[in-house]
Amino acid sequence: MSTPEKSLQAYDHYISQLFAVEDDLLQRTRAVMQQEGLPPINISASGGQLLYLLALMSGARRILEIGTLGGYSAIWMARALPADGILISLEINEHHAAVARRNLAEAGLATKVDVRVGPALATLAAMEQAGEAPFDLVFIDADKDGYVAYLQKAVALVRDNGLILADNTLPDEVLNATAESGTKRYNAAVAAHPALVSTIVPVMRRQGLDGLTISVKRARDA
Ligand code: SAH
Ligand code: DHB
Ligand code: MG
């Protein structure tokens, strides 16, 4: 089965020009990322609007992001926070974190977003230990082989009825029953998890189709 990539881009353009128009700060963030040599693997504008909407719908006051890059997705989500809301974003790469802090400061979000440098799994373990839970929304978007481990931490750190989101969950491997990938393993782990109600929403990446897995953690007695 071949994907009509051109049509998908055209449909995404239609959605974006209506609902996900980037302001100067989002455009500048992407320009700074390029100047600083960061890869253009941020979510799309329509993906950003979807994260923004999900944060608003869940009434998120505390958001956790795994994989900051240049702060592009963090800006979309932090804009959904109330005045006293916070977003903690985890990033392993010092340079990426520095670029993100600069972009977030220029977007007026320096006090709302806390970028923490280090391997995410270690930071998550420290956060669990320190009692930093609960979060209303967790967005997983770092190394794909880490996703299943991040899911276990996310379930522990998110509140009942909170959201766990994961990017890049419709890789080409989903069309091949014998192919493996980190995000395929993630989707399988989500589907098998008794506390999660989930689906995958198709979203656009640079070229073609990708997915965002959306899960709600149900209360034990729900
Ligand atoms: N969420 C961003 C894109 C993230 S790209 C956006 O949409 O704008 C993935 C990021 O995860 C990269 O910056 C990479 O350095 C980081 N990363 C990779 N492995 C990691 C790990 N083990 N812990 C934390 N961050 C990691
Ligand atoms: C790529 C895209 C992503 O959204 C990501 O998180 C990592 C890598 C990519 O296109 O290579
Ligand atoms: Mg991604």
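Bear in mind that the values here come from a model prediction, so they are computed numbers and not experimental data. (Residues numbered from 1 in each chain as written. Chains lettered and ligands numbered in written order. Predicted model: local features only at pLDDT ≥ 70, side-chain atom pairs only at ≥ 80, totals over all residues. Heavy atoms only, no water.)

(A) Expanded view of the packing of helix α6 (residues 120–129) against helix α7 (residues 147–157). Where α6 meets α7, the closest approach of the two axes is 10 Å, and the angle between their N-to-C directions is 20°. One element, α6, and the other, α7, form an angle in the roughly parallel class. For the pair α6 and α7, the sense of crossing is left-handed. For the pair formed by α6 and α7, the contact residues are A120, L121, L124, A125 and E128 on the first element and A149, Y150, K153, A156 and L157 on the second. For the contact of α6 with α7, the residue count by class is eight nonpolar, no polar and two charged. (Axes fitted to C-alpha atoms, helices over the stretch in contact; angles between N-to-C directions. Helix = DSSP H or I, 4+ residues; strand = E, 2+ residues; numbered from the N terminus. Parallel < 35°, antiparallel > 145°, perpendicular 65-115°, else oblique. Left-handed = near helix turned anticlockwise from the far one by under 90°. Contact = heavy atoms within 4.5 Å. Nonpolar A, V, L, I, M, F, W, Y, C, P; charged D, E, K, R; others polar.)

(B) Structural view of the coordination of the magnesium ion (ligand 3). Taken together, the protein donors to the magnesium ion (ligand 3) comprise D141 (OD), D167 (OD) and N168 (OD1), at separations of 2.0 to 2.1 Å. Between consecutive donor residues of the magnesium ion (ligand 3), the sequence gaps follow D-x25-D-N. Taken together, the residues D141 in the loop between β4 (135–140) and α7 and D167 in strand β5 (residues 158–167) connect sequence positions 26 residues apart. The residues D141 and D167 share a single accessibility class, namely buried. (Donors = N, O, S within 2.8 Å, 3.2 Å for Na, K, Ca; no water. Buried < 20%, exposed > 50% of the residue type's maximum accessible area, 1.4 Å probe, protein only.)

(C) Region of the structure containing the sheet that holds β5. Taking strand neighbours across the sheet as the criterion, the seven strands line up as β3-β2-β1-β4-β5-β7-β6 in an open arrangement whose pairing is mixed. Across the chains shown, the open sheet's two edge strands, defined by having one partner strand only, are β3 (113–117) and β6 (196–204). Averaged over neighbouring strand pairs, the angle between their axes works out to 15° when direction is ignored. Of the strands in this sheet, β1 (62–66), β2 (86–91), β3 and β4 are in contact with α6, which crosses β2 at around 140°. Strands in contact with helix α8 (residues 182–192) are β4, β5, β6 and β7 (209–217); relative to β7, the strand with the most contacts, it is inclined by about 30°. (Pairing = 2+ DSSP bridges.)

(D) Structural detail: the environment of M77. Here M77 lies in helix α4 (residues 72–78). Separated by 43 residues in sequence, M77 and Q34 place their C-alpha atoms 21 Å apart. Not counting residues within four places of it along the chain, the set of residues in contact with M77 comprises L51, A55, I63, E65, L87, L137 and F139.

(E) Expanded view of the site of ligand 1. As a matter of local geometry, ligand 1 sits amid 20 residues, with G67, S73, E91, H96 and D141 nearest to it. Here a nitrogen atom of ligand 1 sits 2.8 Å away from a polar atom, N or O, in the side chain of S73. Within the side chain of D141, one N or O atom sits 2.8 Å away from a nitrogen atom of ligand 1. Its free accessible area being 590 Å², ligand 1 has 89% of it covered by the protein chains. Among the residues making up the shell around ligand 1, the classes are represented as nine nonpolar, seven polar and four charged. (Near = heavy atom within 4 Å. Polar contact = N/O pair within 3.5 Å; in protein donor to acceptor, adjacent residues only side chain to side chain. Areas by Shrake-Rupley, 256 points an atom, 1.4 Å probe, with all protein chains shown as cover.)

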